[in-house]
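Letter by letter, the chains look like this.
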Amino acid sequence: MDRRDFLHVAALAPLAATARSTGRSTGRSTARSTGRPTGTSGLSAPPPNWARLRRQLKGTLVLPGDAGYDTARRLYNPAYDRIRPGGVAYCANAADVSACLTFARTGGVPVTTRSGGHSYAGWSTGPGLVIDVSRMSSVAYAGGRAKIGAGAKLIDVYDRLARHGVSIPAGSCPTVGVGGLTLGGGIGVVSRKYGLTCDNLQSVRVVTADGRTLDCDATRNAGLYWACRGGGGGNFGVAVSFTFRTFAARDVTVFFLHWPWAKAGAAVRAWQSWGPSAPDELWSSLHLGRSGGGLDVAIVGTYVGGRPALDRLLAPLVDKIGQPSSRSARTVPYLDGMKIMGGCAAMSVAECRRMPREAFAAKSHMAYRKLPADGVRALVDGVARGGRHSVLLDAMGGAIGRVAPADTAFPHRAALYSVQYYAEGTDRRWLRGLHSDMSPFFGDHAYVNYIDPDLSNWRNAYYGPNAARLAEVKSTYDPGRLFRLPQGI
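As the structure is a prediction and not an experimental result, all values here were calculated from the model.

(A) View of the packing of aromatic side chains. A complete count under the given rule lists 15 aromatic pairs for this structure. The interplanar angle of 55 degrees and the centroid separation of 6.4 Å between the aromatic rings of tyrosine 76 and phenylalanine 360 together place this pair among those described as tilted. With tyrosine 76 in the loop between α3 (69-72) and β2 (87-90) and phenylalanine 360 in strand β16 (residues 360-367), the pair connects residues that are 284 residues apart, well separated along the chain. Exposure class is identical for tyrosine 76 and phenylalanine 360. Each is buried. When the centroid spacing of 6.4 Å and the interplanar angle of 40 degrees are considered together, the rings of tryptophan 458 and tyrosine 462 count as tilted. Remark: tyrosine 462 and tryptophan 458 occur in helix α15 (residues 458-463); sequence separation between them is 4 residues, near one turn of the helix. Each member of the pair, tryptophan 458 as well as tyrosine 462, carries the same accessibility label: buried. In textbook terms, an aromatic cluster arises when at least three aromatic residues are bridged by ring pairs, as seen for Tyr76, Tyr120, Phe360, Phe410, Tyr422, Tyr447 and Tyr450. Here arginine 229 stacks its cationic end above the ring of tyrosine 225, 4.0 Å away from the centre of that ring.

As structure tokens, then:
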């Protein structure tokens, strides 16, 4: 789950002040791949014929020099504005994607896939052809199932499904694409109740490296279906649509509690015992942040139920930490709750779709055990260092933990919570320092949707024991390695 927007929302009190934030990405992450295909002989490929590709597409191909190129090449994070693709193809359908892959394969052009453009490492762009699926953004509902185009933004998914009284569990950032979120797993603010986004995926349509369009589910292309539930975007093909199981979208109670910084250690100790073991209906996040307003401790979350029951569940936590300096909670319709969590509470859906871009850098851990006393001190002291940064601990457990690690490609079913280290701007020194300090306590586990270019042991960190099976799926569906990432399977 992409949580950049949530960092800012959590720092505001009372709840009514959550009208907007600077926007963040989880889930947020995108379908992404980069690389140059290997040829079948020593002969040089002819120069790519971009004009021919343009004629083949129902969608739009934007090339350098075209009007709109500077907009087309940008990701959510301005840190990657320096990258200038050879072309950006806004694909209208699976046939367009197939034509793009043929162009890349035969012309020796590196290919990158982009859904929402939120890749933490900037790997939803590159020097070659960017396959942008954002125009494949339809959201249809019938018979308890939602069929969603891979380029649909989360705010549109929530909005269109809300009209039918249903939803799917997904991330918080309004502008994240559902494609990348799902392919990496999809941690969200109701995951403890309804599971990860990928746990609710019933089928996926994928265009593979050889240009075929395959429908994948538990019986058809089952290995590829398994890999698309947590194996990360950009590794196996280009997902163009998903079919999800939905749930009835009940009202949710969103809550924000703040304490002075002196309570930071007590908050970590109490929350890590309380949050991951709470009833499934209760999801929470512990936020430790340093900004221009100073240091802040907040516990925020969603409860699928009413305020009286939530207050009873919060009481043991407050008893251990002490009375918060501010406290707010409000029961709202499901869509409104997702807008609050996305930092655009007072905005229209159209305004949520246009959240401003933001420069950031991030790293992650997955916590399989509680922090001991010296680990708590290291975390609190690390956040207190100078700068503008935050750490988020997002509760897991519940429905997430009731799926076996090998049932989907997402392996971290036994994790108590996810950890995201987030720095405003692009300076990674604080990130690297605190991540290194905390690794002895959290171990070598990370979330692929918070993809981290610094990691050396990324295969084990992202995929654990599932890495070997993912490599087998890769060899079956992309033996020529058309799809390549710096951290690609």
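(B) Here's a closer look at the environment of tyrosine 225. Positionally, tyrosine 225 belongs in helix α8 (residues 222-227). Relative accessible area serves as the criterion here: at 8%, tyrosine 225 is assigned to the buried category. On a C-alpha basis, the gap between tyrosine 225 and alanine 409 in space is 9.4 Å, while along the polypeptide they are 184 residues apart. Apart from the residues lying within four places of it in its own chain, the contact partners of tyrosine 225 are Leu201, Gln202, Ser203, Val204, Cys216, Asp217 and Ala218. At a separation of 2.6 Å, a polar atom in the side chain of tyrosine 225 contacts the main-chain carbonyl oxygen of leucine 201.

(C) The arrangement of the sheet that holds β16 in detail. The strand order β15-β12-β14-β13-β17-β18-β16 describes an open sheet built from 7 strands, whose pairing is antiparallel. What marks the edges here is a single partner per strand, and that holds for β15 (326-332) and β16. The mean inter-strand angle of the sheet, taken between neighbouring strand axes irrespective of direction, is 15 degrees.

(D) Up close: the state of the cysteines. Across all of its chains, the model carries 1 disulfide by this definition. Cysteine cysteine 91 remains unbridged, with the sulfur of cysteine 100 as its closest cysteine sulfur at 3.9 Å. A residue is classified by how much of its surface remains accessible, and cysteine 91, at 0% relative accessible area, is buried. We note that cysteine 198 lacks a disulfide partner, and the nearest cysteine sulfur, in cysteine 228, lies 10 Å from it. For cysteine 198, a relative accessible area of 0% puts it in the buried group.

(E) Seen up close, the pattern of salt bridges. Going through the model one piece at a time under the given rule, you end up with 23 salt bridges. One salt bridge connects aspartate 156 with arginine 353, and the closest N-O pair in it is separated by 2.7 Å. Remark: arginine 353 occurs in the loop between α12 (349-352) and β16 and aspartate 156 occurs in helix α5 (residues 154-162); sequence separation between them is 197 residues. Salt-bridge contacts for arginine 205 lead to aspartate 215; the nearest nitrogen and oxygen are separated by 2.7 Å. Of this pair, arginine 205 sits in strand β8 (residues 201-207) while aspartate 215 sits in strand β9 (residues 213-216), placing them 10 residues apart in sequence. What makes arginine 205 partly exposed here is its relative accessible area of 30%. You can call aspartate 215 partly exposed: its relative accessible area is 26%. Through salt bridges with shared partners, one network takes in Lys363, Arg428, Arg432, Asp452 and Asp454.

(F) Layout of the packing of helix α13 (residues 373-384) against helix α14 (residues 429-442). At their nearest, the axes of α13 and α14 sit 9 Å apart, and the two run at 175 degrees to each other. For the element pair α13 / α14, the angle class is roughly antiparallel. The segment α13 lies against α14, with Asp374, Gly375, Ala378, Leu379, Gly382 and Val383 engaging Trp430, Leu434, Met438 and Phe441. For the contact of α13 with α14, the residue count by class is 7 nonpolar, 2 polar and 1 charged.

(G) Spatial organisation of unusual backbone geometry. With a phi angle near 50 degrees, asparagine 221 is a residue other than glycine that sits in the positive phi range. Note that asparagine 221 resides in the loop between β9 and α8. A residue is classified by how much of its surface remains accessible, and asparagine 221, at 27% relative accessible area, is partly exposed. Even without a glycine there, the phi angle at arginine 481 is positive, about 55 degrees. Within the secondary structure, arginine 481 sits in the segment after α16 (467-477).

(H) Representation of the sheet that holds strand β6 (residues 145-149) within the structure. Across the sheet, 5 strands lie side by side as β5-β6-β10-β8-β9; this open sheet has antiparallel pairing. Across the chains shown, the open sheet's two edge strands, defined by having one partner strand only, are β5 (139-142) and β9. Strand-to-strand twist in this sheet, taken as the mean axis angle between neighbours without regard to direction, amounts to 15 degrees. For β8 and β9, the ladder comprises 4 bridges, and the chain directions are antiparallel. Residue pairing in the sheet places valine 207 in a bridge with threonine 213 of β9. Running over the sheet, α5 touches β5 and β6 and is turned about 35 degrees from β5.

(I) Representation of α13 in the model. Counted at 1.5 Å a residue, the expected span for α13 with its 12 residues is 16 Å, and the 17 Å between its end C-alpha atoms agrees. Elements in contact with the buried residues of α13: α9 (264-274), β13 (282-291), β14 (294-303), β17 (389-395) and α14.

(J) A look at the pairing of β2. Neither face of β2 is left uncovered, since the one carrying Gly87 and Ala89 and the one carrying Val88 and Tyr90 both have all their residues buried. Taken together, the 3 bridges between strand β1 (residues 60-62) and β2 define a ladder with antiparallel strand orientation. Within β2, the residue paired with leucine 61 across the bridge is alanine 89. Looking at chain direction, β2 and strand β4 (residues 129-132) are connected through 4 bridges and run parallel. Residue pairing for β4: glycine 87 is matched across the bridge by leucine 129.

What counts and how
- Residues numbered from 1 in each chain as written.
- Predicted model: local features only at pLDDT ≥ 70, side-chain atom pairs only at ≥ 80, totals over all residues.
- Heavy atoms only, no water.
- Phe/Tyr/Trp six-rings, centres within 6.5 Å; stacked < 30°, edge-to-face > 60°.
- Helix = DSSP H or I, 4+ residues; strand = E, 2+ residues; numbered from the N terminus.
- Buried < 20%, exposed > 50% of the residue type's maximum accessible area, 1.4 Å probe, protein only.
- Lys NZ or Arg CZ within 6 Å of the ring centre and 35° of its normal.
- Contact = heavy atoms within 4.5 Å.
- Polar contact = N/O pair within 3.5 Å; in protein donor to acceptor, adjacent residues only side chain to side chain.
- Pairing = 2+ DSSP bridges.
- Axes fitted to C-alpha atoms, helices over the stretch in contact; angles between N-to-C directions.
- Disulfide = S-S within 2.5 Å.
- Salt bridge = Lys/Arg side-chain N within 4 Å of Asp/Glu carboxyl O.
- Parallel < 35°, antiparallel > 145°, perpendicular 65-115°, else oblique.
- Nonpolar A, V, L, I, M, F, W, Y, C, P; charged D, E, K, R; others polar.
- Expected span 1.5 Å × (residues − 1).

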